[in-house]
Amino acid sequence: AQKITQTQPGMFVQEKEAVTLDCTYDTSDPSYGLFWYKQPSSGEMIFLIYQGSYDQQNATEGRYSLNFQKARKSANLVISASQLGDSAMYFCAIINTGGFKTIFGAGTRLFVKA
Amino acid sequence: NAGVTQTPKFQVLKTGQSMTLQCAQDMNHNSMYWYRQDPGMGLRLIYYSASEGTTDKGEVPNGYNVSRLNKREFSLRLESAAPSQTSVYFCASRTFTGAVNTEAFFGQGTRLTVV
């Protein structure tokens, strides 16, 4: 069975600073995908970034980057130059080889301070 | 481009009542999903449909049924609502079942309260 663990229920960061949100996963599949989603207070789920298990390089999307350490089974999200609009819930998720089921972590609530 | 559309957005039910949550996507996606979101527990998969004509149980299927009506539509039914089913329900779709590198697109959610 697959599992995602996000150990930080809440995080604070000063505006314009970088922040790392932790995610560890457990899977026995050699092929899998890891995703991060953002959920602002309005409730919608917004896709941020993807990392494949066979990708050699860490994924980056604008201010978002993924610190992927396969041996440690971690896929931490790094947000650079935090903005007030980054305040939201962030979810890490994993999808299995067959691509059928996406499993989510419990989420981390990020607060960006002015 | 509507994406994934869920109806209704809000609903209050009495214990024992039944209802169906509707979901439709216009992106020609093969796979569709129903999740529930409870505080502190993230999103938990209720049921999914890998492709038209198939449905499978997720992590928390008890108390729910689903129907993949066609490629566009995937409904979730509560036959006899219970207070424990008070939650926010999300429908999602993905383009291709077998690939791991395609993200899910989500509807806006349905906030359901069972009293």
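The rules behind each value
- Residues numbered from 1 in each chain as written.
- Chains lettered and ligands numbered in written order.
- Predicted model: local features only at pLDDT ≥ 70, side-chain atom pairs only at ≥ 80, totals over all residues.
- Heavy atoms only, no water.
- Core = buried A, V, L, I, M, F, W, Y, C linked by side-chain atoms within 4.5 Å.
- Buried < 20%, exposed > 50% of the residue type's maximum accessible area, 1.4 Å probe, protein only.
- Helix = DSSP H or I, 4+ residues; strand = E, 2+ residues; numbered from the N terminus.
- Contact = heavy atoms within 4.5 Å.
- 1 Å grid on protein atoms, 1.4 Å probe; cavity = no way out; pocket = protein on both sides within 12 Å on 5 of 7 lines; lining within 4 Å.
- Points joined across faces, edges and corners; volume = space filled by probe spheres on them.

### Thoughts on the nonpolar core
All names here are of chain A.
Thinking step 1. Core analysis: the biggest nonpolar cluster contains 26 residues, and Trp36, Leu77, Tyr90 and Leu110 have the highest contact counts within it.
Thinking step 2. Of all the secondary-structure elements, those providing two or more residues to this core are strand 2 (10-14), strand 3 (19-21), strand 5 (33-39), strand 6 (46-52), strand 8 (64-69), strand 9 (74-79), strand 10 (88-95) and strand 12 (108-113).
Thinking step 3. The element contributing the most residues to this core is strand 10, with 4 residues.
Thinking step 4. Tyrosine 90 has contacts with Gln6, Leu21, Trp36, Tyr37, Lys38, Leu48, Leu77, Ile79, Gly107, Thr108 and Leu110, leaving out every residue within four places of it along the chain.

### Some words on the layout of surface pockets
Regions of empty space are outlined by a rolling probe, equal in size to a water molecule, passed over the atoms.
Thinking step 1. Reported here for the largest pocket is a volume of approximately 490 Å³.
Thinking step 2. What lines the largest pocket is a set of 25 residues, among which Gln39 and Gly43 of chain A together with Gln37, Val88 and Arg111 of chain B lie closest to the centre.
Thinking step 3. Contributions of two or more residues to the lining of the largest pocket are made by strand 10 of chain A together with strand 9 (87-94) and strand 11 (110-114) of chain B.
Thinking step 4. If you tally residues by element for the lining of the largest pocket, the top one is strand 9 of chain B, at 3 residues.

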